[in-house]
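This is what each chain is made of:
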Amino acid sequence: MGRLLAIDYGTKRTGLAVTDELQIIASGLTTVNTKELISFLKDYTKTEVVELFLIGEPKQMDNTASQSEIHIQKFIDQLVKELPTIPIKRVDERFTSKMAFQTMIDSGLKKKQRKNKALVDEISATLILQSYLYSK
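All figures in this text were calculated on a predicted structure; none of them were measured in a lab.

A. Quick look at the overall build of the chain. From N to C terminus, the chain includes 5 helices and 5 strands. In the chain, which comprises 136 residues, the proportion classed as buried is 42%.

Take a look at the structure:
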């Protein structure tokens, strides 16, 4: 069984989270400069078996696509070309950034640490992954 890898795509940085091989535990992996994302994923999949990419799907409250969907779709097209054997599923990511910030507060992180946007992105990816695991 391979890992599931969640992607919280952003135009500047992208948060990543993975499961263990048994797909039980979701953990933050890292935050990557988006320009280096495809290269990072190609390198990562050379050393780890990834069964599925889960990509956050940002939606408005009325269930329409958000403005960032254009960028995400371009990324998905490129990802399919570069890593065609790994399937992709989309996961609703509404409120993950707010939930990530609240998680940071609840865990006792100081105000300066909570300003770390890379950490927010990584936690958001973890929340996307946990949401998918709960729904399975």
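B. Layout of the packing of helix H1 (residues 37–47) against helix H2 (residues 69–82). Direction vectors running N to C along H1 and H2 enclose 35 degrees, while the axes themselves pass 11 Å from each other. Relative to H2, H1 is oriented so that their crossing is right-handed. Across the interface between the two elements, Leu-37, Ile-38, Leu-41 and Lys-42 from H1 touch Phe-75, Gln-78, Leu-79 and Glu-82 from H2. Classifying every residue of the contact of H1 with H2 gives 5 nonpolar, 1 polar and 2 charged.

C. The arrangement of a nonpolar patch on the surface in detail. On the surface, Leu-22, Ile-24 and Ile-25 cluster together to form a nonpolar patch covering roughly 330 Å² of accessible area. Its place among the elements puts Leu-22 in the loop between strand E2 (13–19) and strand E3 (26–33). Take Leu-22: its relative accessible area is 58%, and that puts it in the exposed class.

D. Examining the environment of Leu-83 more closely. The residue Leu-83 is located in the loop between H2 and strand E5 (88–92) in this model. Judged by relative accessible area, Leu-83 falls into the buried class, the value being 12%. Not counting residues within four places of it along the chain, the set of residues in contact with Leu-83 comprises Leu-41, Lys-42, Thr-45 and Phe-53.

E. How the structure looks around the nonpolar core. Ranked by size, the top nonpolar core spans 19 residues in total, and within it Leu-5, Ile-7, Leu-41, Phe-53, Phe-75 and Leu-79 carry the most contacts. Secondary structure elements with two or more residues in this core: strand E1 (3–8), E2, H1, strand E4 (50–57) and H2. Once residues within four sequence positions are removed from consideration, Leu-79 is found in contact with Ile-7, Ile-38, Leu-41, Phe-53, Ile-55, Pro-84 and Ile-88. One finds Ala-6, Leu-52, Ile-128 and Tyr-132 within the second-largest nonpolar core, a separate group that totals 12 residues.

F. Region of interest: unusual backbone geometry. A positive phi angle, near 60 degrees, is found at Gln-23, a position not held by glycine. Residue placement: Gln-23 occurs in the loop between E2 and E3. By relative accessible area, Gln-23 is classed as buried at 9%.

G. Looking closely at the pairing of E2. Taken across its 7 residues, E2 has 6 buried, putting it largely inside the fold. Both E1 and E2 contribute to a ladder of 4 bridges, which runs antiparallel. Opposite Ala-6, over in E2, you have Ala-17 as the bridge partner. Between E1 and E2, which pair antiparallel and follow one another directly, the connecting turn spans 4 residues. In this structure, E2 lies alongside E3, joined through 7 bridges in antiparallel fashion.

H. Representation of the pattern of salt bridges in the model. Across all of its chains, the model carries 6 salt bridges by this definition. Salt-bridge contacts for Glu-21 lead to Arg-3; the nearest nitrogen and oxygen are separated by 2.9 Å. Here Arg-3 lies in strand E1 and Glu-21 lies in the loop between E2 and E3, a separation of 18 residues in the sequence. The exposure class assigned to Glu-21 is partly exposed, which follows from its relative accessible area of 42%.

So, how was this worked out
Residues numbered from 1 in each chain as written. Predicted model: local features only at pLDDT ≥ 70, side-chain atom pairs only at ≥ 80, totals over all residues. Heavy atoms only, no water. Helix = DSSP H or I, 4+ residues; strand = E, 2+ residues; numbered from the N terminus. Buried < 20%, exposed > 50% of the residue type's maximum accessible area, 1.4 Å probe, protein only. Axes fitted to C-alpha atoms, helices over the stretch in contact; angles between N-to-C directions. Left-handed = near helix turned anticlockwise from the far one by under 90°. Contact = heavy atoms within 4.5 Å. Nonpolar A, V, L, I, M, F, W, Y, C, P; charged D, E, K, R; others polar. Patch = residues over 30% accessible without salt bridge, like charges linked within 9 Å, V, L, I, M, F, W, Y side chains within 5 Å. Areas by Shrake-Rupley, 256 points an atom, 1.4 Å probe, with all protein chains shown as cover. Salt bridge = Lys/Arg side-chain N within 4 Å of Asp/Glu carboxyl O. Core = buried A, V, L, I, M, F, W, Y, C linked by side-chain atoms within 4.5 Å. Pairing = 2+ DSSP bridges.

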